[in-house]
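Per-entry structural report
The residues making up each chain are set out below.
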Amino acid sequence: MKNPLEKCSIGLGITGSIASYKALDLASKLVQQGASVHPLMTDGATKIVTPIAFTAITHNSVALDLYDPSSDIGMDHVSVAKTIDLLIVAPATANTIAKMALGIADNPVTTTYLATESPVLVIPAMDGNMYSNKATQNNIKTLKDSGVSIIGPYKGHLASGLQGIGRMAATNEIIDYAKLIMAQNGDMTSYKIVVTAGGTKEPLDPIRVITNRSSGKMGFAIAEAARDRGAEVTLITSSTALPNIAGIHTVIAETADEMATQTKLYSKKADAIVMAAAVSDWKPTVASLEKIKKLGVDKLNLELTKTEDVVASINHQKLIKVGFAAETQNVVQNAKRKLKEKNLDLIIANQISQETPVFGADTNKVIFVNKNGEEDLPEMGKYDIGQLIIDRVKAMAHQIA
Ligand SMILES: Cc1cc2nc3c(=O)[nH]c(=O)nc-3n(C[C@H](O)[C@H](O)[C@H](O)COP(=O)(O)O)c2cc1C
């Protein structure tokens, strides 16, 4: 299983919040992930958004009325609860959260919540005072104590025109959490994987750094692919610009030295390490404590010192090591040399040139090189490359075991 939402059956409970129009986007994105989405609406929700919009997006009928003999839910009021893999209530009103906390089952959303044995994700959206009210806070605590996952709400502009806490979480974040929950059924749940990502930053002075063009996207994509298959993932990265991935333990390491320390530490307990970070080979011998001034200086000579190459030094019996080689010439030859020198199990080589803007792009064209030979892959999304790397890690782990 790759994308944990693919072929997943999701009950989407929509309640009477002004944010219920956002549930249309969520339904659409879930469908695009390959999930089968079954909308359930409260009366309040139907007064704000029409059910037909959800039918059009999900190609499934909307459960509206527990007592309608012509609807699926009318025949069996818990039919949806029995078949779904996940229930998402988004947006969740204060009223519905209160009913869920108390076990009231008077509409398709609350009945399905009470009857399902599947995981539940609740996305509150409401006015700031409704959210901070003690009753709502207690109800949310009750749901959390019952094992319900809750995302948000967040601070921002509210429908009342005020700024406050109550904004519904963004679609991408909800999808990310849904994936995290469903990844618990993945094929890599017993694996601990460390991934490094991004270009390191070596300080020249408190303001300036020497860095490189790596965005961190490749490493983040590998980490996400591993997370999606249930692995316990630690992501060691210098990139703070990319969004966090739910369920991944992210460690910020800015310099080559910090990257080395964290990599050594986390690889001790890992089954595999995938080093996609572009770690600087050099650092300024001395980083000035004050800003280097240009006044009266026409030329500035920098002395650089080699950084520690940790890859070769981290070894334990079962650790699978995957490296990257970005090269401008003799790509495969250089990759083979690095594979040997660094004692790697697999190296992902890519050609860097004017025509192939690898850095910052969402796709990459790589060659997998190991001791048995090489596999030249077509250009593909970085996430898909991440999935192939995890396939290889899994196969190698099986060989060792
Ligand atoms: C236009 C409009 C917007 C509303 N937005 C919210 C909201 O964002 N959050 C909320 O908790 N209640 C909101 N309400 C109040 C709920 O609709 C009301 O509490 C209702 O009883 C909720 O029923 P339900 O939970 O069964 O959908 C809104 C009401 C209206 C008329």
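Here is a short report on the structure shown in this document. Note that this is a predicted model, so its numbers are computed, not measured.

1. Some points on the site of the ligand
- Taken together, Thr15, Gly16, Ser17, Ile18, Thr42, Thr93, Ala94, Asn95, Thr96, Ala125, Met126 and Met130 make up the full set of residues near the ligand.
- With respect to the ligand, the backbone of isoleucine 18 contributes an N or O atom lying 3.1 Å from a nitrogen atom.
- At a separation of 2.5 Å, an oxygen atom of the ligand approaches a polar side-chain atom of threonine 96.
- For the ligand, whose accessible area on its own is 640 Å², the fraction buried by protein is 63%.

2. A short note on the sheet that holds strand E4 (residues 120-124)
- Taken in spatial order, the 5 strands line up as E2-E1-E3-E4-E5 in an open sheet, and their pairing is parallel. Every other strand in the sheet has two partners, leaving strand E2 (36-41) and strand E5 (149-150) as the edge strands with one partner each.
- Where strand E1 (residues 9-14) and strand E3 (residues 86-92) come together, 4 bridges link them in parallel fashion. Following the sheet pairing, leucine 12 is matched in E3 by isoleucine 88.
- Across the sheet, helix H7 (residues 108-115) lies against E1, E2, E3 and E4, angled at about 120° from E2, the strand it touches most.

3. Description of helix H6 (residues 94-102)
- Looking at H6, one finds that the buried residues are Ala94, Thr96, Ile97, Lys99 and Met100.
- In this structure, the buried residues of H6 make contact with E3, H7, E4, helix H8 (128-132) and helix H9 (134-145).
- Within two residues after H6, glycine 103 carries a phi angle of roughly 80°, on the positive side.

4. So, a nonpolar patch on the surface
- On the surface, a nonpolar cluster with roughly 460 Å² of combined accessible area is contributed by Trp282, Val297, Leu300, Leu302 and Leu304.
- Assignment of secondary structure puts leucine 302 in the loop between strand E14 (282-284) and strand E15 (304-306).

Rules of the game
- Residues numbered from 1 in each chain as written.
- Predicted model: local features only at pLDDT ≥ 70, side-chain atom pairs only at ≥ 80, totals over all residues.
- Heavy atoms only, no water.
- Near = heavy atom within 4 Å.
- Polar contact = N/O pair within 3.5 Å; in protein donor to acceptor, adjacent residues only side chain to side chain.
- Areas by Shrake-Rupley, 256 points an atom, 1.4 Å probe, with all protein chains shown as cover.
- Pairing = 2+ DSSP bridges.
- Helix = DSSP H or I, 4+ residues; strand = E, 2+ residues; numbered from the N terminus.
- Contact = heavy atoms within 4.5 Å.
- Axes fitted to C-alpha atoms, helices over the stretch in contact; angles between N-to-C directions.
- Buried < 20%, exposed > 50% of the residue type's maximum accessible area, 1.4 Å probe, protein only.
- Patch = residues over 30% accessible without salt bridge, like charges linked within 9 Å, V, L, I, M, F, W, Y side chains within 5 Å.
- Salt bridge = Lys/Arg side-chain N within 4 Å of Asp/Glu carboxyl O.

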